[in-house]
Amino acid sequence: MADNGKKIYVLHIVGARPNFMKAAPVMRALARYPELSQKLVHTGQHYDANMSEIFFRQLGLPAPDFNLEVGSGSHAWQTAQIMMRFEEIVLQKRPNLVLVYGDVNSTVAAALVCAKLGIPVGHVEAGLRSFDRTMPEEINRLITDQIADLLFTPSQDGNDNLIGEGVAPEKIHLVGNVMIDTLVHLLPSVNGRCRQELHLEPKKFALVTLHRPSNVDDRERFAAILKTLDTISRNLTCVFPVHPRTRARLQEWDLAIPDESRLRLLEPLGYLDFLGLMQEAALVITDSGGIQEETTFLGIPCLTLRKNTERPITVEVGTNILVGEDLEHLENETQAILNGTGKTGGVPPLWDGKTGERITKVILEFHYMANI
């Protein structure tokens, strides 16, 4: 029995902006059941007013019940700080289930704490693999999935990966993509205000996001990408909301933007403004995993500046194309889209806005079976 007298006490762990979008629909679905009580833990892994607080407001998330205020640091330092601070909460509250999201350090840190203390863990967005162990996120995914009790996968490839890694089939639940729940929930609130304020015409601009170390932490690589974006912007205005990490590199290296009227650098946007731009863009250029999924659902061409993706379903079924490190390929695919000969795609199964409800059903069944 949980400390608040309810039958099922769930803790949600979020630490970075994508986690907020994944947790919101699950919290909404769980809130419909009086036998469920839930609390939100924000580790503070990423903290920036534009990147954090505005998301809580727009997603309808409650203020965090616990804020660990860990902040940035090396992977080892950050993971250790989260583990130490989160352990105190778990020992005090003794939840029936802890839900972790995605693949950030907060995800694996919370899962490790719970595994050591015998607290069941559910991993939302389990089974995704890039098969690139140089990516810290891949290590986080692999470890979390090995120690979690409930594995909620967004697509069949996630199931296949987990089975191939020896995970017991009864732990695996194909529920769909929780990110799409948030998108579907908020689409009615989206308007063209941000685009209008930027004086952009629908389908006459590209939306750009970059934050991966492989793209922005190497000066020569980042400079080459900016040069290519400048070339693309001669035919198509490029709108580039700049992640704080990326902004720091621009300033550190004093990288020049040849024509900021064509390649337009913006401060980070709230989710609704960003979604509004994405919905009306001619194409999206990104290195973000979540954006690969959102563009697939919206039917917007997506060109991903990565050699691999943990979301291959967006390439196999959706609108995503991996251009790798080949910037000439990026230019060619952009031109194909503008010429009307670019790739089209469909929406994967169960990407229907009801994933939170399916996760809730599994949680209720899991608790019932554990207490027979």
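Keep in mind that what you see is a predicted model, and the values were worked out from it rather than measured. (Residues numbered from 1 in each chain as written. Predicted model: local features only at pLDDT ≥ 70, side-chain atom pairs only at ≥ 80, totals over all residues. Heavy atoms only, no water.)

**Some words on the overall build of the chain**
In terms of helices and strands, the chain carries 16 helices and 13 strands. Taking 21 Å as the expected radius of gyration for a compact globule of 372 residues, we find that the chain reaches 20 Å, a close match to that expectation. When its C-alpha atoms are laid out on the principal axes, the chain stretches across 65 × 40 × 40 Å. In the chain, buried positions account for 56% of the 372 residues. Pairs at least 24 apart in sequence give 69% of the contacts found in the chain among residues at least 6 apart. Looking at charge distribution, the chain has the averaged site of its 37 positive side-chain charges lying 3 Å from that of its 46 negative ones. (Helix = DSSP H or I, 4+ residues; strand = E, 2+ residues; numbered from the N terminus. Rg over C-alpha atoms; globule rule 2.2 N^0.38 Å. Buried < 20%, exposed > 50% of the residue type's maximum accessible area, 1.4 Å probe, protein only. Contact = heavy atoms within 4.5 Å. Lys, Arg positive; Asp, Glu negative; His and termini not counted. Charge placed at Lys NZ, Arg CZ, Asp CG, Glu CD.)

**Some remarks on the environment of N67**
Turning to its location among the elements, N67 is positioned in strand β3 (residues 66–67). By relative accessible area, N67 is classed as partly exposed at 39%. Distance in space between the C-alpha atoms of N67 and F86 is 9.6 Å, their sequence separation being 19 residues. Apart from the residues lying within four places of it in its own chain, the contact partners of N67 are H42, T43 and G44.

**Description of the confidence of the model for the chain**
Fine structural detail should not be taken from predicted coordinates in areas where pLDDT scores are low. Looking at the chain as a whole, its pLDDT mean stands at 93, while 96% of the residues score no less than 70. Note on residues 1–5: pLDDT is under 50 here. Beyond four places in sequence and across chains, it has nine contacts. (pLDDT = per-residue confidence, 0-100.)

**What to know about the nonpolar core**
Grouped together as the largest cluster of nonpolar side chains are 50 residues, with contacts concentrated most on L59, L99, F152 and L277. A per-element tally of this core places helix α1 (residues 17–30) first, with seven residues. Discounting chain neighbours no more than four positions away, the residues touching L277 are C194, R195, L198, L200, F205, L207, V239 and L269. (Core = buried A, V, L, I, M, F, W, Y, C linked by side-chain atoms within 4.5 Å.)

**Re the environment of G318**
Tracing the backbone through its elements, the reader meets G318 in the loop between α14 (313–316) and β13 (320–322). Here the alpha-carbon distance between G318 and L305, two residues 13 residues apart in the chain, equals 16 Å. Beyond its immediate stretch of four places on either side in the chain, G318 contacts T296, I313, K343, T344, G345 and G346.

**What to know about the packing of helix α4 (residues 105–117) against helix α5 (residues 136–147)**
For the pair α4 and α5, interaxial distance at closest approach is 9 Å and the crossing angle is 30°. Relative to α5, α4 is oriented roughly parallel. As α4 packs across α5, the resulting crossing turns out to be left-handed. Within the contact between the two elements, α4 uses N105, T107, V108, A111, L112 and A115 and α5 uses N140, I143, T144 and I147. In the contact of α4 with α5, the residues fall into six nonpolar, four polar and no charged. (Axes fitted to C-alpha atoms, helices over the stretch in contact; angles between N-to-C directions. Parallel < 35°, antiparallel > 145°, perpendicular 65-115°, else oblique. Left-handed = near helix turned anticlockwise from the far one by under 90°. Nonpolar A, V, L, I, M, F, W, Y, C, P; charged D, E, K, R; others polar.)

**Points about the pairing of strand β11 (residues 283–286)**
Every second residue of β11 is oriented toward a common face, with L283 and I285 on one face and V284 and T286 on the other, all of them buried. When strand β8 (residues 205–208) meets β11, the two strands line up parallel, connected through three bridges. What sits directly across from V208, in β11, is I285. Relative to strand β12 (residues 302–304), β11 runs parallel, the two sharing three bridges. Residue T286 lies in a different strand from β12, and its bridge partner there is T304. Handedness of the crossover is the feature at issue here: the chain leaves β11, passes through helix α13 (residues 289–298), returns alongside β12, and the resulting connection is right-handed. (Pairing = 2+ DSSP bridges. Right-handed = clockwise from strand over helix to strand, strands pointing away.)

**Describing the sheet that holds β12**
The sheet built from six strands is open, its strands ordered β10-β9-β8-β11-β12-β13 with parallel pairing. Both outer strands of the open sheet, β10 (263–266) and β13, are each paired with one neighbouring strand and no more. In this sheet, adjacent strand axes meet at a mean angle of 20° when their direction is disregarded. This element, helix α12 (residues 271–280), spans β8, β9 (237–241) and β11 of the sheet and lies at about 135° to β8.

**Focus on the pattern of salt bridges**
Counting across every chain of the model gives 24 salt bridges. As a salt-bridge pair, E310 and R212 come within 3.9 Å of each other at their nearest N and O atoms. In this pair, E310 sits in the loop between β12 and α14 while R212 sits in the loop between β8 and α9 (213–216), placing the two residues 98 residues apart along the sequence. Assessed through its relative accessible area of 1%, E310 is described here as buried. Classification of R212 as buried rests on a relative accessible area of 8%. For R234, the salt bridge identified is with D230, shortest N-O distance 3.5 Å. Connected through salt bridges with shared partners, the residues K22, D103, E125, E137, E138, R141, R212, E293, R306, E310 and R311 form a single ionic network. (Salt bridge = Lys/Arg side-chain N within 4 Å of Asp/Glu carboxyl O.)

**A few points about the sheet that holds β3**
Pairing is parallel across the open sheet formed by seven strands, whose spatial order is β3-β2-β1-β4-β5-β6-β7. At either end of the open sheet lies a strand with only one pairing partner, and these are β3 and β7 (172–174). Bridging between strand β1 (residues 8–14) and strand β2 (residues 36–42) involves seven bridges; their strand directions are parallel. Following the sheet pairing, I13 is matched in β2 by V41. α4 contacts β1, β4 (97–101) and β5 (121–124) of the sheet and is inclined by roughly 160° relative to β4.

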